[in-house]
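# Coordinate analysis (summary)
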Amino acid sequence: MTTTFEMTSRLADYFVVSGLDVSSGLEPDKLSGDNLHCPPLDRPFKSKVLAHYPDNVPGNPFDQDAVGMLSLPKGLIFRTHRQKRINKFHTFLITREDGSRIYGATYTFYEEVKNRQICAAMKTLHSMHLAELSNDQSRTLYSPVGSPYSPGTPKTVRKLKELEKKNKLFDYNTDSLFVTKCLTVLTSQPFVDCLHKFLSSLYELCTTDSPPVLAIESYVYNILHEIPLASPGKSLTFKIRNQTIMCQRPG
């Protein structure tokens, strides 16, 4: 039986942005299990779908929970400017009860956290973690913002040295904080290579110092509404910036 979703004539069905919802604050990622013993910079936090376009595709309703979970399967990861931050690409597959399939391609990168409340929340979690290490909760939790790394006990000193060596200390006053964010494209067919090139190019357009010739939204609109789905076994090409991308549909 051919479903409406299988009869789509567009290359892509949805464009999705997932990441940190500053209005919700830092929520633990419950799917990752108990990780309170880990430094806050090693803990995953709950991510959310921030936006998706279009709102709805006939015959292919948007599954926000599944897409949100699979786009950032490890939750939100925080890093400071002293830690390595590597962009990554991955794909996923959603199979519905009727057997129809949705293919996802996700490009994950790190974005600087500008919201001071989030930075303050990370500082508080960090202070609480140090308090647990030192077993001197009152002194550490209520230490001034400018001195969260007071020497404390010999045990604390050893742990601090280990964290400092691994760049896992967060100083609210001097460190820049970054968090993972991702761009996802949902399609009816597995277009891995072309979507990797498209999303990485789109990210470069968003982060370049020189303004792009066309608005970023125009490239998203193009892949959602103007690029057709090639016939089985056929290929097509489209451009983003100065790059020509070939998209071949499996036979």
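In what follows, the accompanying structure is described. (Residues numbered from 1 in each chain as written. Predicted model: local features only at pLDDT ≥ 70, side-chain atom pairs only at ≥ 80, totals over all residues. Heavy atoms only, no water.)

## Comments concerning the environment of K88
For the record, the criterion: Secondary structure elements are defined from DSSP: runs of H or I of at least 4 residues count as helices, runs of E of at least 2 residues count as strands, and each element is numbered from the N terminus. Two residues qualify as a contact provided that any one of their heavy atoms is within 4.5 Å of a heavy atom in the partner residue.
Mapped onto the secondary structure, K88 falls in strand β4 (residues 88-95). Here the alpha-carbon distance between K88 and T108, two residues 20 residues apart in the chain, equals 5.1 Å. Not counting the four nearest positions on each side in its chain, K88 is found in contact with T106, Y107 and T108.

## Quick word on the packing of aromatic side chains
Formally: Whether two aromatic rings pair depends on their centres lying within 6.5 Å, for rings of Phe, Tyr and Trp, where Trp uses its six-membered ring; planes under 30 degrees apart make the pair stacked, over 60 edge-to-face, and the rest tilted. Only protein chains enter the accessibility calculation, which uses a 1.4 Å probe. A residue is then buried if its area is under 20% of the maximum for its type, exposed if over 50%, and partly exposed in between.
Tallied over the full model, the rule gives five aromatic pairs. On the basis of an interplanar angle of 90° and a centroid distance of 5.5 Å, the ring pair of F45 and F78 is categorised as edge-to-face. Separated by 33 residues along the polypeptide, F45 in the loop between β1 (14-19) and β2 (48-53) and F78 in strand β3 (residues 78-80) bring together distant segments of the chain. Each member of the pair, F45 as well as F78, carries the same accessibility label: buried. Consider the rings of Y107 and Y203, whose centres lie 5.5 Å apart with planes at 45°: the pair is tilted. Of the two residues, Y107 sits in strand β5 (residues 101-112) while Y203 sits in helix α5 (residues 192-207), which places them 96 residues apart along the sequence. Judged on exposure class, the residue Y107 and its partner Y203 are both buried. Each residue in the set Y107, F109 and Y203 is aromatic and connected to the rest through ring pairs, giving one cluster.

## Here's the deal with the pairing of strand β6 (residues 177-187)
We count it as follows: In this description, strands pair whenever DSSP reports at least two bridges between them.
The element β6 is largely enclosed, with a buried count of eleven among its eleven residues. Alternating positions in β6 separate into two faces, L177, V179, K181, L183, V185 and T187 on one and F178, T180, C182, T184 and L186 on the other, with burial throughout. With five bridges joining them, β1 and β6 adopt antiparallel strand pairing. Paired with V16 across the strands is T184, a residue of β6. Across three bridges, the pairing between β3 and β6 is antiparallel. Of the residues in β6, the one forming a bridge with T80 is L177.

## Details of α5
For clarity, the threshold we go by: In this analysis, the expected span of each helix is defined as 1.5 Å times one less than the number of residues it contains.
Between the first and last C-alpha of α5 there are 23 Å, a value that for 16 residues agrees with the 22 Å anticipated at 1.5 Å per step. The complete set of buried residues in α5 reads C194, L195, F198, L199, S200, S201, L202, Y203 and L205.

## Notes on the pairing of β1
Summarising burial for β1: six of the six residues are buried, a large majority. The two faces of β1 match: Y14, V16 and S18 on one face and F15, V17 and G19 on the other face are all buried. By the bridge criterion, five bridges tie β1 to β2 in an arrangement that is antiparallel. Bridge pairing links V17 to A51 in β2.

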